[in-house]
Amino acid sequence: MEQIAAEPGTKVFHLNGKKINNKQTFLKQAAEAMEFPAYFGYSWDAFDECITDLTWCPAQRYVILYDHADIFAQAEQTQYQIALDILNSAKEYWKANNIPLKFLVINK
């Protein structure tokens, strides 16, 4: 992580999965970690919109580190999968715009 963070133009976001066990706590942690604007609506649509915007924290590449993801995955498997689907879609969106977004899931 230190090496990634040290690269100029990289913005690293950390999701503390120890605090995430449902959709609402995921969205709250994501909003805080990614500095979403005050208008963020705490829904999957709003998360999708914000993660493909990020104009408030411009960078040449983005990295999302999500540790203890297994807690949310086990508590609400369907909601966890929705989060992953949105993140994978965002990765493709940023790739099409020549800005890499890496999403690293750490289960412990």
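Conventions and cut-offs
Residues numbered from 1 in each chain as written. Predicted model: local features only at pLDDT ≥ 70, side-chain atom pairs only at ≥ 80, totals over all residues. Heavy atoms only, no water. Helix = DSSP H or I, 4+ residues; strand = E, 2+ residues; numbered from the N terminus. Buried < 20%, exposed > 50% of the residue type's maximum accessible area, 1.4 Å probe, protein only. Lys, Arg positive; Asp, Glu negative; His and termini not counted. Salt bridge = Lys/Arg side-chain N within 4 Å of Asp/Glu carboxyl O. Polar contact = N/O pair within 3.5 Å; in protein donor to acceptor, adjacent residues only side chain to side chain. Contact = heavy atoms within 4.5 Å. Core = buried A, V, L, I, M, F, W, Y, C linked by side-chain atoms within 4.5 Å. Pairing = 2+ DSSP bridges. Axes fitted to C-alpha atoms, helices over the stretch in contact; angles between N-to-C directions. Disulfide = S-S within 2.5 Å. Phe/Tyr/Trp six-rings, centres within 6.5 Å; stacked < 30°, edge-to-face > 60°.

## As for the side chain of aspartate 67
Okay, so step 1: Inspection of the secondary structure assignment puts aspartate 67 in strand E2 (residues 61-67).
Okay, so step 2: Here aspartate 67 occupies a buried position and makes no salt bridge, while the nearest side chain of opposite charge, lysine 18, is found at 6.8 Å.
Okay, so step 3: At 2.9 Å, the side chain of aspartate 67 forms a polar contact with the backbone nitrogen of glycine 17.
Okay, so step 4: Residues contacting aspartate 67, with those up to four places away along its chain left out, are His14, Leu15, Asn16, Gly17, Lys18 and Ile106.

## Here's the deal with the nonpolar core
Okay, so step 1: Of all hydrophobic cores here, the largest spans 34 residues; its most connected members are Leu15, Phe26, Met34, Phe47, Ile64 and Tyr66.
Okay, so step 2: Of all elements in the fold, only strand E1 (10-16), helix H2 (23-33), helix H3 (44-51), E2, helix H4 (69-75), helix H5 (77-96) and strand E3 (101-106) reach the threshold of two or more residues within this core.
Okay, so step 3: By residue number, the principal contributor to this core is H5, which donates seven residues.
Okay, so step 4: Excluding residues that lie within four positions of it along the chain, tyrosine 66 makes contacts with Leu15, Gly17, Ile20, Phe26, Phe72, Tyr80, Phe103, Leu104, Val105 and Ile106.

## Topic: the sheet that holds E1
Paired through their backbone hydrogen bonds, the strands of a sheet run either parallel or antiparallel.
Okay, so step 1: Strand order in this open sheet of three strands is E1-E2-E3, and the pairing throughout is parallel. The open sheet has two free edges, formed respectively by E1 and E3, since each of these has just one partner strand. Here the average twist between neighbouring strands, direction ignored, is 15°.
Okay, so step 2: Here E2 runs beside E3; their pairing, made up of six bridges, is parallel. Following the sheet pairing, tyrosine 66 is matched in E3 by valine 105.
Okay, so step 3: Relative to the sheet, H5 contacts E2 and E3, its axis offset from that of E3 by approximately 150°.

## Thoughts on the state of the cysteines
Okay, so step 1: Enumeration over the complete set of coordinates arrives at zero disulfides.
Okay, so step 2: In this structure cysteine 50 is a free cysteine whose sulfur lies 10.0 Å from that of cysteine 57, the closest cysteine sulfur available.

## Describing the packing of aromatic side chains
Okay, so step 1: Under the defined criterion, the tally for this structure stands at 14 aromatic pairs.
Okay, so step 2: Both rings, one in phenylalanine 26 and one in phenylalanine 72, keep their centres 5.7 Å apart while their planes meet at 25°; by these two values the pair is stacked. Here phenylalanine 26 is found in helix H2, whereas its partner phenylalanine 72 is found in helix H4, with 46 residues between them in sequence. A single burial state applies to phenylalanine 26 and to phenylalanine 72, both of which are buried.
Okay, so step 3: Aromatic ring contacts, followed pair by pair, group Phe26, Phe36, Phe40, Tyr42, Trp44, Phe47, Trp56, Tyr66, Phe72, Tyr80 and Phe103 into a single cluster.

By themselves, these figures tell us nothing about what the structure is for.
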